[in-house]
Amino acid sequence: MSSPRHLPLRRRDLLVGGVAGLAVTAAAAESVWSLREASGGAAFPEPVRGGPIHMQIVAHPDDCLYFVNPRVARVLDDGAGLCTVVLTAGEADGRNSWDAEAPADFAGYAAARNNGLRRAYAALALGDPDAPWDRYLAPLESGQDVELCVLRDKPEVHIVFCSLWTNLGRLTGEFTRLLALWEGRLDDSLVLPPADSPLTAESTVDRTTVQATLLELLDRYRPVVVNTLDPDPDPITGERLGAEQLGYSDHIDHTAAALFAWEAVRAWGAARTVESWRGYYNRRWPGNLGEADLAPKGRALDVYSWNDGADCGLPSGCGDRLIAGPGAGTTYGHATHPRYTAALAAAEIDGSIRPVTVRDNTLQVLGEDGWEDLGGPDTLPSLDLAGTKVYAISAEHTHDPATHVRDVHCYDLVSGQWQLLGNPAGTGPGARIVGQVAGADDGRTSLACVRDAQGLAVRVRPEGGEWADWARLEGPAVHDAPAALALDGAFTIIAATPDNVAVWEGDGVDWTTRMLDLPGPEDLPFFAPASAVVAAQAPDGRIVLASRVGGCSDVALHIGRGETWTGVRVPLEGGVLAPTLAIGPEGALAVACDDGTGAPAVLVLSLADLEAGDGAFGLLSRPWTRGDVTLVKRPAAAFGSDGALRLWAVAADGELWTAEAEPGGDAPAGWSPAT
């Protein structure tokens, strides 16, 4: 085993005696409620493998509760094991109080936050926030010591605290956050041992050690799903809010933790699927959580923030008093938005409908003999299918912010050829804006579309020609994930904006843009989606749109063309994924998403069901058919030429599951492994 690293910091002379001088205190006593420390030489306890393991890699103790939950609660209910890795101590100003005159106690506040996370996970997993944990000093082969916490009565639940200082500037006099370690502006970072933690040594770790630690933990736990924060936070639109970093709508530590996580996941290469979760940008989007999701999320945050008034007997406190509540609050807690939801599509190949997905960071198709790797680059878990072409995005999460790469690639299912389409900004910060790619194809002309700093950008390939250069389309800022359609040489691109839905229309060369002003709830001037907008072309040329309704988890379905639209609201008690649409040869409409338990919820309707009257937004109360798996990605759906409906979804075990309905039949409830 490598010895722990003790590397020199820049301005190391400021660290001599610095920890003691900053009023970092240690608890005088240990509580049996929280600590059952193993002997110093004990081996790292092996994870319990009663089911698949999901790993979260985050910056602060509350990140997974705010930005990944209710997914955490859903997969726990499904029987998955859990390992959450928290990179920083989250010490802030060292005051677990709104009293600015309170003395700073960085180790004490870090301990209080860790206590809050343990209690919240115990409440989620066992219904008892005071359930005991076993805590270990765990030396890793990377040379880094971490604190491992195992929930005693449900040992499938682990937390790993790496406890790096969030802001070493308190010691060095410089602004040196975790991002500085990632970018190389900081040689190494000091570990802050929380009060009452088995971590005791004041050690330092460099960037290579952090990378090796994450890779070692991935290899030890072998998670089928890895959840990270957002490595490409959205640009700020409007006024900068709170602790957002300059130019980006997220906390600077969130971005750094996500970059470290993605580098490790790519190097490990064995995660079935990966998801990034938006951070502070949630407050710039309408809330998307219904009561079925808000309640467990809010209960966990109430426990974390010590709103339950527990008496745990720890001097550092039982939770984080600085969290504004109660419950999920009204800022970024009222929404949970995964970044890469569209990682699965249904393609017709050799006369059969087959699922295409990003699996193990590569594009793969499920054939008669199992999964077939389609070659090409490592890709983000995002794709779109248009005609015979699949569009995907590769990424290089570089340490130099000027060399980030996010490139669009096109794979032709017929020829088996890949083409690199690049992105409109080249490299650097502009390249990170692109988000998810949308494609459209009318059989003659192909179009790829991504987000751009000015709105959207497109690249078009005319029949028999080559791809033209990227062309920027002026328009409003969009949240992400545009939807693109093509019919007889006319293209339509639709995307959610912060307060409306925008549409771009053109022939691939000349474009116009406007707001759709869709009908919506009576208390809003226009419909503002709480998710990405998904689109499908009806046989009569009209467009069907699907999205989530703001302020809840209901599904909105709109149908129309031009400036004439009607819509309906279908109640659904939970879920965070944008709906999937499929239209059959006779006008049957399938809608699929997740519900408040994480299960697939499916409706089969007719297009006539959406016609509430021009300009109206009616209520369509229909029972959803619920599946028996827990989803982690948006489903794919397709009707065969015979009218049979096929569905596919990535479940909590990281594998693909499928369901089928006979022509004219009800939505399917029973799901089975697709392989």
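Above this text you will find the structure in question.
Residues numbered from 1 in each chain as written. Predicted model: local features only at pLDDT ≥ 70, side-chain atom pairs only at ≥ 80, totals over all residues. Heavy atoms only, no water.

Novice: Is there a simple way to think about the pattern of salt bridges in this case?
Specialist: When the charged atoms of two side chains lie near each other, side chains of opposite charge can form a pair. Under the counting rule described, the total for this entry stands at 42 salt bridges. Here Arg 119 ties to Asp 130 by a salt bridge, and the two come within 3.2 Å at their closest N and O atoms. Of the two residues, Arg 119 is situated in helix H4 (residues 106–126) and Asp 130 in the loop between H4 and strand E3 (133–139); the sequence distance between them amounts to eleven residues. Of the residues examined, Arg 119 reaches a relative accessible area of 1% and is grouped as buried. Asp 130 gets classed as partly exposed once you look at its relative accessible area, which sits at 35%. Between Asp 480 and Arg 278 there is a salt bridge, and its shortest N-O distance comes to 3.4 Å. Taken together, the residues Asp 480 in the loop between strand E21 (471–474) and strand E22 (483–487) and Arg 278 in the loop between strand E9 (273–277) and helix H9 (291–304) connect sequence positions 202 residues apart. Judged by relative accessible area, which is 2%, Asp 480 ranks as buried. Among the charged side chains, a network of salt bridges with common partners joins Asp 230, Asp 234, Arg 278, Arg 339, Arg 451 and Asp 480. (Salt bridge = Lys/Arg side-chain N within 4 Å of Asp/Glu carboxyl O. Helix = DSSP H or I, 4+ residues; strand = E, 2+ residues; numbered from the N terminus. Buried < 20%, exposed > 50% of the residue type's maximum accessible area, 1.4 Å probe, protein only.)

Novice: I would appreciate a short explanation of the state of the cysteines in the present structure.
Specialist: Covalently bonding the sulfur atom of one cysteine to the sulfur atom of another cysteine gives a disulfide. Evaluation of the coordinates by the stated rule reveals one disulfide. Each sulfur of the disulfide joining Cys 312 and Cys 318 lies 2.1 Å from the other. Between Cys 312 and Cys 318, the S-S dihedral sits near -105 degrees, and the bridge is therefore left-handed. Looking at the unpaired Cys 149, the closest cysteine sulfur is the one in Cys 83, lying at 10 Å. Distance from the sulfur of Cys 593, which forms no disulfide, to the nearest cysteine sulfur (Cys 552) is 12 Å. (Disulfide = S-S within 2.5 Å.)

Novice: Would you take a moment to explain the packing of helix H7 (residues 207–221) against helix H8 (residues 252–268) for this structure?
Specialist: Any two packed helices are characterised by how steeply their axes cross, that is the angle between the axes, and by the distance between the axes. Close contact between H7 and H8 brings their axes to 9 Å; oriented N to C, the two are set at 55 degrees. The orientation of H7 relative to H8 falls into the category oblique. Crossing angle aside, the handedness with which H7 passes H8 is right-handed. From H7, Arg 207, Val 210, Gln 211, Leu 214, Leu 215, Leu 218 and Asp 219 reach across to H8, where they touch Phe 260, Ala 261, Glu 263, Ala 264, Val 265, Ala 267 and Trp 268. Of the residues assigned to the contact of H7 with H8, the class counts are ten nonpolar, one polar and three charged. (Axes fitted to C-alpha atoms, helices over the stretch in contact; angles between N-to-C directions. Parallel < 35°, antiparallel > 145°, perpendicular 65-115°, else oblique. Left-handed = near helix turned anticlockwise from the far one by under 90°. Contact = heavy atoms within 4.5 Å. Nonpolar A, V, L, I, M, F, W, Y, C, P; charged D, E, K, R; others polar.)

Novice: Would you mind going over the environment of Arg 207 with me for this structure?
Specialist: Of note, Arg 207 is situated in helix H7. Separated by 450 residues in the primary sequence, Arg 207 and Trp 657 place their C-alpha atoms 39 Å from one another. Not counting chain neighbours up to four residues away, the residues in contact with Arg 207 comprise Leu 181, Trp 182, Glu 183, Gly 184, Asp 187, Phe 260 and His 399.

Novice: Is there a simple way to think about H8 in this case?
Specialist: When the terminal C-alpha atoms of H8 are compared, their 25 Å separation across 17 residues agrees well with the 24 Å that a helix rising 1.5 Å per residue should span. Most of H8 is tucked away: 14 of the 17 residues are buried. Just past H8, the residue Gly 269 takes up positive phi, approximately 75 degrees. (Expected span 1.5 Å × (residues − 1).)

Novice: Got a minute to help me understand empty space enclosed by the protein in this structure?
Specialist: Left-over empty space is what a probe sized like a water molecule reveals as it rolls over the atoms. Counting across every chain of the model gives five cavities of 30 Å³ or more. The volume enclosed by the largest cavity comes to roughly 110 Å³. Lining the largest cavity are 13 residues, with Trp 285, His 337, Pro 338, Thr 341 and Ala 532 positioned closest to its centre. Classifying every residue of the lining of the largest cavity by side-chain character gives six nonpolar, four polar and three charged. Within this model, the second largest cavity holds a volume of roughly 80 Å³. Around the second largest cavity, the lining residues are Arg 272, Thr 273, Ala 343, Thr 357, Val 358, Arg 359, Trp 371, Lys 633, Val 650, Gly 654, Glu 655 and Leu 656. (1 Å grid on protein atoms, 1.4 Å probe; cavity = no way out; pocket = protein on both sides within 12 Å on 5 of 7 lines; lining within 4 Å. Points joined across faces, edges and corners; volume = space filled by probe spheres on them.)

Novice: Just checking my understanding: could you explain the sheet that holds strand E24 (residues 501–506) for this structure?
Specialist: Strands in a sheet are paired, the pairing made by backbone hydrogen bonds, and the direction either parallel or antiparallel. As summarised here, the arrangement of the four strands in space is E22-E23-E24-E25, forming an open sheet in which the pairing is antiparallel. Each edge of the sheet is formed by a strand with only one pairing partner; in this case those strands are E22 and strand E25 (511–515). For this sheet, the mean inter-axis angle between neighbouring strands, taken without regard to orientation, is 15 degrees. Relative to E24, strand E23 (residues 490–496) runs antiparallel, the two sharing six bridges. Bridging from a neighbouring strand, Ile 494 pairs with Val 503 of E24. (Pairing = 2+ DSSP bridges.)

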